[in-house]
Amino acid sequence: MSLRYGLLGLLAEGPASGYDLARRFQEVLGSVWPAQHPKIYAELNRLAADGLIEVDSEGPRRRKAYRITGDGLAAVKQWLADGEVDHTMRMQSLLRSVFFWLMEPEDLRRHLDREAAHFAREAARYEAYAAAKDRGEFGDSPQTQSLRLAIEGGARLYRALADWAEWAKTAAGD
């Protein structure tokens, strides 16, 4: 259900094609909420059928740009204000940790080294975005201010996961 509101939120910024929305989704939310092209296009069709978006324009090769309707804007605002938050997290890294006892110690250490490096890279990427926003490189629009809050959440989450993987290397050796 969150894909629906993610798309509505992105369309609240202005008209966009499915391709542009997929690119924007990947750019802004890719590592925390991935969305594949087929799912985006299917959801756009449902949103249009529900009257929450409409075709803004059609370009070459039947490329459609969509815009949010008044009902769509009201729906995303209601979701933000009143919607229950799904706090479940599906993290394969943590699922695998339940079964670390099945791994050979050297395999586990290599795995945790890779995990720590991955999470540290992601944290650094988010921290670089945060620094650029703090320098004013993206302006100070309300969208940019909200995005800065989300970026900080991503940076802190990935930094915590990198710290966890480093800790796990030590704890697993005990």
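Here the structure is shown first, and the text comes after it.
Before going into details, it helps to say that this report is about the structure given with it. Just so it is clear, the structure is predicted and the values come from calculations on it, not from any experiment. (Residues numbered from 1 in each chain as written. Predicted model: local features only at pLDDT ≥ 70, side-chain atom pairs only at ≥ 80, totals over all residues. Heavy atoms only, no water.)

## Focus: a nonpolar patch on the surface
Working step 1: Taken together, the side chains of Leu95, Val98, Phe99, Trp101 and Leu102 define a hydrophobic patch exposed on the protein surface, amounting to about 600 Å² of accessible area.
Working step 2: Following the sequence through the fold, valine 98 ends up in the loop between helix 5 (92-97) and helix 6 (105-134).
Working step 3: When its relative accessible area of 52% is taken as the criterion, valine 98 is described as exposed. (Patch = residues over 30% accessible without salt bridge, like charges linked within 9 Å, V, L, I, M, F, W, Y side chains within 5 Å. Areas by Shrake-Rupley, 256 points an atom, 1.4 Å probe, with all protein chains shown as cover. Salt bridge = Lys/Arg side-chain N within 4 Å of Asp/Glu carboxyl O. Helix = DSSP H or I, 4+ residues; strand = E, 2+ residues; numbered from the N terminus. Buried < 20%, exposed > 50% of the residue type's maximum accessible area, 1.4 Å probe, protein only.)

## Section: the pairing of strand 2 (residues 53-58)
Side-chain direction in a regular strand flips from residue to residue, so the side chains alternate between the two faces of the sheet.
Working step 1: Taken together, the five bridges between strand 2 and strand 3 (residues 64-68) define a ladder with antiparallel strand orientation. Residue isoleucine 53 lies in a different strand from strand 3, and its bridge partner there is isoleucine 68.
Working step 2: Joining the antiparallel neighbours strand 2 and strand 3 is a turn of five residues, in which arginine 61 adopts a positive phi near 55°. (Pairing = 2+ DSSP bridges.)

## Some details on the sheet that holds strand 3
Working step 1: Taken together, the three strands give an open sheet; going across it, the order is 1-3-2, and neighbouring strands pair in antiparallel fashion. Looking at which strands have only one partner, the edges of the open sheet turn out to be strand 1 (16-17) and strand 2.

## Quick look at unusual backbone geometry
Working step 1: Its identity is not glycine, yet arginine 61 carries a phi of approximately 55°, on the positive side.
Working step 2: Relative to the assigned elements, arginine 61 resides in the loop between strand 2 and strand 3.
Working step 3: With a phi angle near 60°, arginine 62 is a residue other than glycine that sits in the positive phi range.
Working step 4: Structurally, arginine 62 can be placed in the loop between strand 2 and strand 3.

## Some points on the side chain of glutamate 115
Working step 1: Considering the arrangement of structural elements, one finds glutamate 115 in helix 6.
Working step 2: It turns out glutamate 115 is buried and unbridged, and the closest side chain with the opposite charge, arginine 114, is 6.5 Å from it.
Working step 3: What glutamate 115 contacts, discounting residues up to four positions off in sequence, is Ser93 and Ala165. (Lys, Arg positive; Asp, Glu negative; His and termini not counted. Contact = heavy atoms within 4.5 Å.)

## So, the packing of aromatic side chains
Working step 1: Evaluation of the coordinates by the stated rule reveals three aromatic pairs.
Working step 2: Taking the centre distance of 4.8 Å and the plane angle of 5° together, the rings of tyrosine 5 and tryptophan 79 count as stacked. Taken as a pair, tyrosine 5 in helix 1 (residues 2-12) and tryptophan 79 in helix 4 (residues 70-82) lie far apart in primary sequence, 74 residues in all.
Working step 3: Given the relative accessible area of 32%, tryptophan 79 is considered partly exposed.
Working step 4: Linked through ring pairs, Phe119, Tyr126 and Tyr158 together constitute an aromatic cluster.
Working step 5: The ring of tyrosine 126 carries arginine 125 above its face, with NZ or CZ at 5.0 Å from the centroid.
Working step 6: Residue placement shows lysine 133 over the ring face of phenylalanine 138; its charged tip is 3.9 Å from the ring centre. (Phe/Tyr/Trp six-rings, centres within 6.5 Å; stacked < 30°, edge-to-face > 60°. Lys NZ or Arg CZ within 6 Å of the ring centre and 35° of its normal.)

## Brief notes about the side chain of serine 93
Working step 1: Among the secondary structure elements, serine 93 is positioned in helix 5.
Working step 2: For serine 93, a relative accessible area of 14% puts it in the buried group.
Working step 3: Here the side chain of serine 93 touches glutamate 115 through a polar contact of 2.4 Å, side chain to side chain.
Working step 4: The contacts of serine 93, once residues within four sequence positions are left out, are Glu115, Phe119 and Trp164. (Polar contact = N/O pair within 3.5 Å; in protein donor to acceptor, adjacent residues only side chain to side chain.)

## Some thoughts on helix 2 (residues 18-29)
Working step 1: For helix 2, which comprises 12 residues, the first-to-last C-alpha distance of 15 Å matches the rise-based estimate of 16 Å (1.5 Å per residue) to within 8%.
Working step 2: Each element contacted by the buried residues of helix 2 is listed here: helix 1, strand 1, helix 3 (37-49), strand 3, helix 6 and helix 7 (142-172). (Expected span 1.5 Å × (residues − 1).)

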